[in-house]
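Here is how the chains run, residue by residue.
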Amino acid sequence: MNLLLAFLLSWVALPALAVPPYNPPANKPSAEEPLPMFLRVLVSRSGSGLFLRLPILDLDPNTGATVGLTPVWVQTSSHTIRFIHAAPVFHNTYAGVTAGYHLIYYISPGRTLHLHGLLSQKFDRAAGMEFDTDHLDPVTLWGRPLALNVKFAFSKNSTLRFFGVGADTHRRDQTNYTLDSINYRVSLAAPVFIDSPWKVKVTHALQANDVSNGGVESLPEMVDNFPELALQVTRRRVDAFL
């Protein structure tokens, strides 16, 4: 009986033993597929990254029509993004021709620097910087890594609208004003325990605002139609907190 059982098992296993083991084919490096035609107009590859041509089209009833182009250059190093350059150029109904520049620098994993600036033909302008890191080496807090965020920004927007206070305001009462704003923020954060997802964060920030005549000539000025409110906003121009 034992000899018969052994014979049957060997007869069943023999076809499987005769089949050679499966070896998956090696992954051959495939040639890079070309981009579709409609994407080639917007994206082109280079040896050090990508070059993009991003159109700008915005039809906003408050800020007007905006049409332009943003060239973007993405620089890579060892399959890692190191720099992003963006230089928007556009025309706006109220601000005229506007040009700007953005730089995002990925210094190292967890550490980024962002610089930007913008200048319009007539009124609007902006500038700023932001630095962010999740490990402020070699500074630590009792062995815990410190995270730091520093931001400074300045902007001047001349197309803002004000309709009044409350739910009974009407579109016919809309006015125009320019908001001139400057602010900064400094934040420090540290984990409650080493390798803890919970953090304690301390922030100091300051923002200063000023309201003046707007850039939309077809609308009345806020400072003329709501002088008391505009004066109150100007008086409360500085706000600092910790």
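So, here is what we can say about the structure in this document. It should be emphasised that the depicted structure is a prediction, and the values quoted were computed from it without experimental measurement.

1. Comments concerning the overall build of the protein chain
The secondary structure content of the protein chain amounts to four helices and 14 strands. By residue count, 24% of the 242 residues in the protein chain fall in the buried class. Long-range contacts, defined as pairs at least 24 residues apart, comprise 43% of the intrachain contacts of the protein chain with a sequence gap of at least 6. Approximately 16900 Å² of the protein chain is accessible, and the part contributed by carbon and sulfur atoms is 64%.

2. Comments concerning a nonpolar patch on the surface
Together, V192, F193, W198, V200 and V202 make up a nonpolar patch on the protein surface, roughly 550 Å² of accessible area in all. Within the element layout of this structure, V200 appears in strand β13 (residues 199-213).

3. Structural notes on the packing of aromatic side chains
To describe a pair of aromatic rings, you give the distance between the ring centres and the angle between the ring planes. Tallying each qualifying case throughout the model produces two aromatic pairs. Between F83 and Y105, the ring centres sit 4.5 Å apart and the planes meet at 10°, which makes this aromatic pair stacked. In this pair, F83 is assigned in strand β4 (residues 80-86) and Y105 in strand β6 (residues 96-108), connecting sequence segments 22 residues apart. Relative accessible area serves as the criterion here: at 24%, Y105 is assigned to the partly exposed category.

4. Remarks on the side chain of D124
Mapped onto the elements of the fold, D124 is located in the loop between β7 (111-120) and β8 (125-133). A distance of 2.8 Å separates polar atoms of two side chains, one belonging to D124 and the other to S158. Other than its neighbours up to four places away in sequence, D124 contacts A95, L118, L119, K156, N157 and S158.

5. Quick look at unusual backbone geometry
Look at D195: it is not a glycine, yet its phi comes out positive at around 65°. Along the polypeptide, D195 turns up in the loop between β12 (175-191) and β13.

6. Observations regarding the side chain of T98
Turning to its location among the elements, T98 is positioned in strand β6. Residues in contact with T98, not counting those within four places in the same chain, are P88, V89, F90, L118, L119 and S120.

7. Section: the nonpolar core
Counting residues in each nonpolar core, the largest one holds six residues, listed as V43, L52, V72, V74, I84 and A86. Sorting the residues of this core by element identifies β3 (64-77) and β4 as the ones contributing at least two each. Those residues in contact with I84 that lie beyond four places of it in its chain are V72, W73, V74, H102, L103, I104 and Y106.

8. Focus on the pairing of strand β2 (residues 49-60)
Across four bridges, the pairing between strand β1 (residues 43-46) and β2 is antiparallel. Its bridge partner lying in β2, S46 is registered against G49. Between the antiparallel neighbours β1 and β2 lie two residues. With 12 bridges connecting them, β2 and β3 associate as antiparallel partners. By the bridge assignment, R53 is partnered in β3 with P71. Between β2 and β3, which follow one another and run antiparallel, lie three residues.

9. Concerning the pairing of β8
Put simply, side chains in a regular strand alternate between the two faces of the sheet. Note that β7 and β8 share nine bridges and pair antiparallel. Following the sheet pairing, H116 is matched in β8 by G128. Taking the residues between adjacent antiparallel strands as the criterion, β7 and β8 are bridged by four residues. Both β8 and strand β11 (residues 147-162) contribute to a ladder of nine bridges, which runs antiparallel. Across the sheet, F131 pairs through a bridge with V150, a residue of β11.

10. Quick word on the environment of K201
Relative to the elements of secondary structure, K201 occurs in strand β13. Sequence separation of K201 and L148 is 53 residues, and the distance between their C-alpha atoms is 9.7 Å.

11. What to know about the environment of V186
Tracing the backbone shows V186 in strand β12. Of the residues examined, V186 reaches a relative accessible area of 32% and is grouped as partly exposed. Between the alpha carbons of V186 and E130 there is a distance of 9.8 Å; along the sequence they are 56 residues apart. Sequence-distant contacts of V186, that is, excluding residues within four places in its chain, are made with L148, N149, V150, V202, T203 and H204.

Rules behind the numbers
Residues numbered from 1 in each chain as written. Predicted model: local features only at pLDDT ≥ 70, side-chain atom pairs only at ≥ 80, totals over all residues. Heavy atoms only, no water. Helix = DSSP H or I, 4+ residues; strand = E, 2+ residues; numbered from the N terminus. Buried < 20%, exposed > 50% of the residue type's maximum accessible area, 1.4 Å probe, protein only. Contact = heavy atoms within 4.5 Å. Areas by Shrake-Rupley, 256 points an atom, 1.4 Å probe, with all protein chains shown as cover. Patch = residues over 30% accessible without salt bridge, like charges linked within 9 Å, V, L, I, M, F, W, Y side chains within 5 Å. Salt bridge = Lys/Arg side-chain N within 4 Å of Asp/Glu carboxyl O. Phe/Tyr/Trp six-rings, centres within 6.5 Å; stacked < 30°, edge-to-face > 60°. Polar contact = N/O pair within 3.5 Å; in protein donor to acceptor, adjacent residues only side chain to side chain. Core = buried A, V, L, I, M, F, W, Y, C linked by side-chain atoms within 4.5 Å. Pairing = 2+ DSSP bridges.

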